[in-house]
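So the chains spell out like this:
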Amino acid sequence: MAELPEEFNCTITNWEYIYGLCRDVADEVRRDEFEPEVVVALARGGWFAGRCLCDFLGLDDLTSLKMEHYVGTAQKTGEPTVRYPMPEGSVEGKDVLVIDDIADTGGSISRAEAYVEQRDAGEVRTATLQLLDTSEFEPDYVGERLAEWAWVVYPWNFIEDMVDLLSGVMEKADQESYTADELRHYLAEYHDVKRIEMEIAQPNRLPEVLAEMERRGVIEGAGPGEYRLAE
Ligand code: ADP
């Protein structure tokens, strides 16, 4: 997330909530009487949703496509491109549902749809669990529309995102060292992540994240209960 502005709102989610969005997307697909033969899950954010959709819709054909768009975690560099092509025969002649977690500009999913279509697929439709109103692309199925832009912290990359968020916060606040409570304070101030929201979505995870940051050499201990960015 290094290239996002220093202050932006984040929403912390959990498995139950996201699983509910997967079910909502599956319900829409069924209501629409679309019967895909294969799900193409965009790596890596679409994987969980892709696997759940196969379960909800009774499919055993799941494949993956990796789009590349970001440098670091969150810097956009023009048109998204396909990083790894799909294996021969994955979609040819089949009706396909392309799924991703969220569309921001919509570039990734729209490019993925075009790529799958070029591979002589049958009917190709698209879905995202969440859709930001910045998206220029309208997927066929959407779990939830977000009226306000936010960085959504998904349960499958909770640690990855929290490491980025906490190191960003430490850099910006520019204190010598931080207690866990001070870090919570800055998460609320810079990213609108309130303690209660984080503890409801992901209870007791802050110590785990701090320990992992220490293990990865991102932070170091600075006295009892205090942390600072590693040199
Ligand atoms: P788009 O091409 O729609 O702009 P992106 O390329 O921005 O989509 O997004 C690529 C991936 O980055 C998404 O699949 C998602 O995993 C992640 N991502 C983008 N925006 C957000 C966000 N606001 N919150 C969480 N993850 C995001």
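Residues numbered from 1 in each chain as written. Predicted model: local features only at pLDDT ≥ 70, side-chain atom pairs only at ≥ 80, totals over all residues. Heavy atoms only, no water.

**Some points on the domain arrangement of the chain**
Piece 1. Looking at the chain, the domain boundaries give domain 1 (8-151) and domain 2 (157-216).
Piece 2. If you average the C-alpha positions of domain 1 and of domain 2, the two centres end up 29 Å apart.
Piece 3. Facing the 10 residues of domain 1 at the interface are 14 residues of domain 2.
Piece 4. Note on domain 1 versus domain 2: buried area summed over both sides is about 1000 Å², and carbon and sulfur give 49% of it.
Piece 5. Joining domain 1 to domain 2, the criterion identifies one salt bridge.
Piece 6. Between R44 and E160 there is a salt bridge, and its shortest N-O distance comes to 3.4 Å.
Piece 7. At the boundary of domain 1 with domain 2, the tally comes to seven residue pairs in polar contact (both at pLDDT 80 or more).
Piece 8. Ranked by residues supplied to the side of domain 1 that touches domain 2, first place goes to strand β1 (residues 10-12) with three residues.
Piece 9. Split into classes, the residues belonging to the side of domain 1 that touches domain 2 amount to four nonpolar, five polar and one charged. (Domains from an automatic or database assignment. Contact = heavy atoms within 4.5 Å. Buried area = accessible area lost by both parts, 1.4 Å probe. Salt bridge = Lys/Arg side-chain N within 4 Å of Asp/Glu carboxyl O. Polar contact = N/O pair within 3.5 Å; in protein donor to acceptor, adjacent residues only side chain to side chain. Helix = DSSP H or I, 4+ residues; strand = E, 2+ residues; numbered from the N terminus. Nonpolar A, V, L, I, M, F, W, Y, C, P; charged D, E, K, R; others polar.)

**Thoughts on the packing of helix α1 (residues 15-31) against helix α2 (residues 47-57)**
Piece 1. With their axes 9 Å apart at the nearest point, α1 and α2 run at an angle of 50° to one another. In this view, α1 runs oblique relative to α2, as classed from their interaxial angle. For the crossing formed where α1 meets α2, the hand is right-handed. Each of W15, I18, Y19, C22, R23, V25, A26, V29 and R30 in α1 lies in contact with α2, whose residues at this interface are F48, A49, C52, L53, D55, F56 and L57.
Piece 2. For the contact of α1 with α2, a count of residues per class yields 13 nonpolar, no polar and three charged. (Axes fitted to C-alpha atoms, helices over the stretch in contact; angles between N-to-C directions. Parallel < 35°, antiparallel > 145°, perpendicular 65-115°, else oblique. Left-handed = near helix turned anticlockwise from the far one by under 90°.)

**Here we look at the pairing of strand β5 (residues 96-103)**
Piece 1. Most of β5 is tucked away, with eight of its eight residues classed as buried.
Piece 2. Here strand β2 (residues 38-43) runs beside β5; their pairing, made up of four bridges, is parallel. Paired with V40 across the strands is V98, a residue of β5.
Piece 3. Here β5 runs beside strand β6 (residues 124-132); their pairing, made up of seven bridges, is parallel. Each bridged residue has a counterpart across the sheet, and for I102 the counterpart in β6 is Q130.
Piece 4. Once you follow β5 into helix α3 (residues 107-118) and on to β6, the crossover reads as right-handed. (Buried < 20%, exposed > 50% of the residue type's maximum accessible area, 1.4 Å probe, protein only. Pairing = 2+ DSSP bridges. Right-handed = clockwise from strand over helix to strand, strands pointing away.)

**Observations concerning the nonpolar core**
Piece 1. With 29 residues, the main nonpolar core has F158, M162, L166, L187 and L210 as its most contacted residues.
Piece 2. Among the secondary structure elements, those contributing two or more residues to this core are β1, β8 (151-153), α4 (158-173), α5 (180-191), α6 (195-201) and α7 (206-215).
Piece 3. Residue contributions to this core peak at nine residues, all from α4.
Piece 4. In contact with L166, not counting residues within four places along its chain, are L183, L187, L206, V209, L210 and M213. (Core = buried A, V, L, I, M, F, W, Y, C linked by side-chain atoms within 4.5 Å.)

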